Structure formats: C-alpha cells, structure tokens
Amino acid sequence: MSSDSDHQCPVDGAVDQQEMIPSKKNAVLVDGVVLNGPTTDAKAGEKFVEEACRLIMEEVVLKATDVNEKVCEWRPPEQLKQLLDLEMRDSGEPPHRLLELCRDVIRYSVKTNHPRFFNQLYAGLDYYSLVARFMTEALNPSVYTYEVSPVFLLVEEAVLKKMIEFIGWKEGDGIFNPGGSVSNMYAMNLARYKYCPDIKEKGLSGSPRLILFTSAECHYSMKKAASFLGIGTENVCFVETDGRGKMIPEELEKQVWQARKEGAAPFLVCATSGTTVLGAFDPLDEIADICERHGLWLHVDASWGGSALMSRKHRKLLHGIHRADSVAWNPHKMLMAGIQCCALLVKDKSDLLKKCYCAKASYLFQQDKFYDVSYDTGDKSIQCSRRPDAFKFWMTWKALGTSGLEERVNRALALSRYLVDEIKKREGFKLLLEPEYANICFWYIPPSLREMEEGPEFWAKLNLVAPAIKERMVKKGSLMLGYQPHRGKVNFFRQVVISPQVSREDMDFLLDEIDLLGKDM
C-alpha cells in the first residue's frame with residue numbers, strides 16, 4: 001500500500017520529468033513520410049552555430065574598431081554574384097562550405113561598425129545591443145501577446161514609458177515599428193482617424209479632401225505615407241524653410257488658411273527635429289501655436305534628432321516637443337541600438353492607437369484568457385508578427401545608464417564641432433552652413449578650382465568632385481562618406497558622427513583622405 005507522499009501533486013506548474021520524456025513508439029507511415037522522432041541533426045546544428053559564432057566574433061566583433069581594416073571590399077555586382085555563389089541547389093551543402101560562405105558574406109559586406117563609416121545616420125557597434133540581438137534571434141519571439149512574449153512585452157512597456165518621460169509627457173502610449181518611415185505613416189493615419197474616424201470602416205469615398213503640411217526639408221516618407229494611405233501626394237503641402245532648413249511658421253499659417261479657403265480639410269502638421277541632410281530642427285513652439293489655433297494634429301519626426309533629448313546640454317534643440325500629439329524617435333541612430341529600433345510615441349492615453357488599428361483577431365486576442373489581456377498589445381500594430389526591437393535599446397540603456405547615453409550624444413556633437421573647426425582652418429574645404437547637430441555639410445574644392453570665380457562653370461565642375469572622390473574612397477576601402485545635391489546646391493559631402501569608437505584622429509584622417517583622393521582633380 002502506497003503512502004500519500006508517493007503521489008504528491010506538482011506545485012505551481014512543476015511537471016514530473018518522467019511525464020516529459022516521450023515513450024519509444026513504432027514508426028508510422030503518413031503520405032509516404034516515415035514519422036518517428038525528429039529528423040534534424042541537433043548535434044551538427046549546434047556545432048555549426050558554435051563555429052559560426054566564433055567566426056562572427058573573430059571577423060566582425062574583434063575587428064570592429066580596427067582602423068587598419070577596410071570599411072568595404074568593393075566589387076561590382078556581376079563579379080560579386082560570382083564570388084558569393086548565390087545559386088540554391090536541390091541538395092544541401094556541408095557545414096564547412098556554409099562557413100566559407102559566411103566568411104565571404106562578412107568579407108564583402110560594408111563594415112558599418114568601422115570607425116570610418118560615415119555614410120548613413122547609423123554607425124558603430126554597441127556590444128550590449130548586439131548581445132540582445134543574438135538573444136532575440138535565438139529565442140525568435142513575436143511581440144503581440146503576453147502568452148508568447150511575456151518578457152519582451154514588459155520590456156517594451158518600460159522603454160516606451162521612459163521615452164515618454166524624456167519627451168515631457170506625464171503619460172502616453174506607443175509602439176515600436178520597423179523604421180521611422182513606418183512610424184510617420186502610423187502617425188499620419190492616426191491623425192486622420194482622430195479627425196475622421198469613419199474612414200476606418202467606410203473608406204475614403206465620402207471623406208473631405210484632406211490636406212497635411214510638412215517642411216520642404218522633411219523626410220521622403222511623408223510623400224510615401226500620403227500615397228500609401230490614399231491621401232495623395234498632391235495633398236501634401238510643403239512649407240518653405242529658411243536658410244538653415246527650418247520650417248517658417250508664418251508660411252505654414254498662410255498655407256493652412258489657403259487650404260481652408262479652397263474648401264480642403266487640414267488635419268495634420270508634421271514638423272521635423274533633425275532633417276536628414278542639413279540636421280535642421282523646426283521651431284516646435286511656434287508650430288504648436290498654429291496647430292492649437294487651427295485644431296491640427298502635430299506630429300514631430302524626431303527619428304534622427306530625438307536622441308538629443310537624452311542630453312541636458314542639447315535637448316533645447318527640441319524645445320516645445322512636449323506639445324506634440326505624436327513623435328517618431330529612432331534609438332538605432334544616434335543611440336546605436338541596432339537596426340531597426342524605432343518608436344512611435346503618442347500623447348493620447350485613451351487607446352487611440354488600438355482603436356485606430358485593431359482588427360480583433362479572435363485566434364490571438366481572446367478576451368477570456370487567464371491573465372490581464374491589456375498586456376496583449378499586438379492589436380495596436382498594423383503588423384501581426386513583430387520583432388522585440390525595444391529589447392536592444394533596453395539592454396544598452398541598462399548597461400550605460402541615462403548618463404552613459406547622454407555622454408554618447410555629447411561626445412558625438414563635440415566631435416562634430418571639432419570637425420567644423422578643422423574644416424574652417426583647411427584650404428580647399430568650405431562649409432555650406434554652421435551645423436546645429438551632427439550633420440556636417442561641406443564641399444571639397446580641388447586645387448584646380450581654387451582660383452576660379454564662383455560662376456556657372458565653377459559650380460558645374462565642383463558638382464563632379466564629390467562623386468569622383470566617393471568612388472575612389474569606396475574602391476580603396478579607406479572610408480565611406482555620403483554626398484548629395486540639395487535644393488539648388490551642387491554635390492557636397494555630408495559627414496555624420498555617431499559612434500563612440502570614432503576619435504579625433506578619425507576626423508583628421510577624413511579630411512586628409514579627401515584631400516589625398518581629390519587633389520589631382
């Protein structure tokens with residue numbers, strides 16, 4: 001006779017290990033397939049992961065800060081296709097061949113972690129974010145319900161709350177999206193829903209002619225969003241900017257009045273904090289005054305400039321942002337949280353996001369679950385599957401603290417100031433304008449043009465210089481730097497400082513290398 005102790009019940013979800021071990025059963029044949037245990041060779045897979053991680057550590061992480069390494073190993077597309085062996089075949093390839101392919105992928109990819117990669121508005125390697133990315137790739141979560149992603153939903157909630165505090169709101173809502181362009185689209189649709197909620201169910205057929213206003217220097221995603229949402233690019237009014245690239249409030253108000261006079265329905269103003277090319281910050285307080293007078297939703301695209309909020313010294317660039325109705329902010333840029341890490345933050349706390357986007361899928365968002373379903377935030381998103389992007393930023397923030405993130409911003413802008421001062425000292429370099437952020441825009445004027453009068457011939461020849469130098473630097477692999485024409489200005493370089501691995505010596509090298517590559521032009 002057995003005692004009670006022999007049959008104790010498991011407590012709080014504990015499971016007898018014997019119950020978890022499947023019993024051996026005979027093979028079953030279904031549709032010509034033998035079903036008898038897993039077919040994946042776990043040991044071989046584990047060994048491949050281990051060897052691939054070692055390769056990543058040796059070839060990517062350990063070389064990330066080595067300025068003696070090339071930024072890129074340039075190959076033209078047709079040659080690169082052959083080098084990479086892109087063909088997918090009927091039979092799989094052995095692990096040693098896959099590792100060779102991994103090595104080739106690393107070799108021929110641009111090293112965005114390199115201290116001399118200045119080509120985009122992201123750069124550098126944050127080790128803590130990298131570990132977070134390794135973890136999420138291994139765990140493969142999707143952030144829509146608490147039951148399948150409990151940790152990452154709570155992390156997202158905590159990060160959004162902290163970002164909302166830095167904007168200056170007492171409360172709010174938000175969600176992480178795959179890119180600032182998507183955040184801007186979310187905001188545009190949210191503003192439209194607030195203005196005309198019937199559009200969600202009845203569509204555009206009975207709606208008024210909706211008009212939105214944004215800076216002439218805004219990100220191109222505003223036009224894409226208007227097109228995607230059916231508002232139409234002709235209904236995006238581009239407000240003129242001053243010589244520094246800032247929206248002129250008086251011009252905005254004129255356009256609002258003109259739109260009303262024409263019978264249109266203004267509903268949104270999108271200001272920019274940190275324009276893509278010039279790094280300009282629109283005057284938010286004055287724009288907010290206009291929005292309040294006319295009952296317009298104010299969205300601030302701070303995808304690039306939002307990280308200045310972390311710095312007590314530089315947060316004044318975004319003075320008045322607390323008056324916005326929504327804000328886009330990308331920690332994967334200046335704060336190096338790793339692509340992609342982009343938040344849309346909303347001042348509204350009445351579940352406007354959820355009301356706008358919910359579809360109430362009954363197979364995901366059951367209301368009779370055994371836990372608090374308010375944590376099932378997936379219906380606030382237009383996505384179903386969604387990556388846990390907030391975790392990367394959370395890990396970096398936990399590691400560095402707010403003071404460490406502030407120091408990162410301050411150092412980047414101090415290095416930018418150093419580069420500006422060096423450009424002013426050097427013959428052959430000319431600033432477009434005094435920067436207020438980390439965007440340093442300048443021309444390199446080769447010796448052959450330095451005595452020429454600045455007329456049409458001069459500008460036509462100078463327009464050819466930046467693309468030619470860019471080609472030389474990329475093929476050499478010494479650095480990567482962006483260039484562009486912009487609003488009547490011929491091609492110029494745009495240098496952006498982000499990574500804390502960048503040194504004063506890298507700033508000096510940048511100017512020396514441009515001069516070396518361009519002095520014979």
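Quick caveat, the model's predicted, so the values are computed rather than measured.

How each quantity is defined
Residues numbered from 1 in each chain as written. Predicted model: local features only at pLDDT ≥ 70, side-chain atom pairs only at ≥ 80, totals over all residues. Heavy atoms only, no water. Helix = DSSP H or I, 4+ residues; strand = E, 2+ residues; numbered from the N terminus. Contact = heavy atoms within 4.5 Å. UniProt positions renumbered as here; feature names shortened; annotations may be inferred. Buried < 20%, exposed > 50% of the residue type's maximum accessible area, 1.4 Å probe, protein only. Pairing = 2+ DSSP bridges. Axes fitted to C-alpha atoms, helices over the stretch in contact; angles between N-to-C directions. Salt bridge = Lys/Arg side-chain N within 4 Å of Asp/Glu carboxyl O.

Digging into the environment of Ala-225
Turning to step 1, where the next piece is worked out: Relative to the assigned elements, Ala-225 resides in helix α9 (residues 221-228).
Turning to step 2, where the next piece is worked out: Residues Ala-225 and Ser-207 lie 18 residues apart in sequence; the distance between their C-alpha atoms is 18 Å.
Turning to step 3, where the next piece is worked out: Contacts of Ala-225, omitting those with residues within four sequence positions, involve Met-185 and Met-188.

Things to note about the UniProt feature "modified residue: N6-(pyridoxal phosphate)lysine" (unreviewed entry) in the protein
Turning to step 1, where the next piece is worked out: The residues that UniProt annotates with the feature "modified residue: N6-(pyridoxal phosphate)lysine" (unreviewed entry) are Lys-333.
Turning to step 2, where the next piece is worked out: Mapped onto the secondary structure, Lys-333 falls in the loop between β9 (326-329) and β10 (342-346).
Turning to step 3, where the next piece is worked out: For Lys-333, a relative accessible area of 14% puts it in the buried group.

Section: the sheet that holds strand β7 (residues 265-272)
Turning to step 1, where the next piece is worked out: In spatial order, the strands read β4-β10-β9-β8-β7-β5-β6; together these seven strands make up an open sheet with mixed pairing. Strand pairing shows two members of the sheet lacking a second neighbour, β4 (173-177) and β6 (236-239), which therefore form its edges. Pairwise comparison of adjacent strand axes, ignoring direction, gives a mean angle of 20° for this sheet.
Turning to step 2, where the next piece is worked out: Helix-sheet contacts for helix α7 (residues 180-195) involve β4, β5 (210-215), β7, β8 (297-301), β9 and β10, and the interaxial angle to β7 is about 150°.

Focus on the pattern of salt bridges
Two side chains that carry opposite charge are able to pair once their charged atoms sit near each other.
Turning to step 1, where the next piece is worked out: Under the criterion given, the structure shown has 44 salt bridges.
Turning to step 2, where the next piece is worked out: Note that Lys-369 is salt-bridged to Asp-376, the shortest N-O span being 2.8 Å. Here the two residues Lys-369 and Asp-376 agree in accessibility, since each one is buried.
Turning to step 3, where the next piece is worked out: Across the pair Arg-417 and Glu-434 runs a salt bridge whose closest N-O atoms are separated by 3.1 Å. Placement of Arg-417 in helix α13 (residues 390-425) and of Glu-434 in the loop between β11 (429-431) and β12 (439-444) is noted, with a sequence separation of 17 residues between them.

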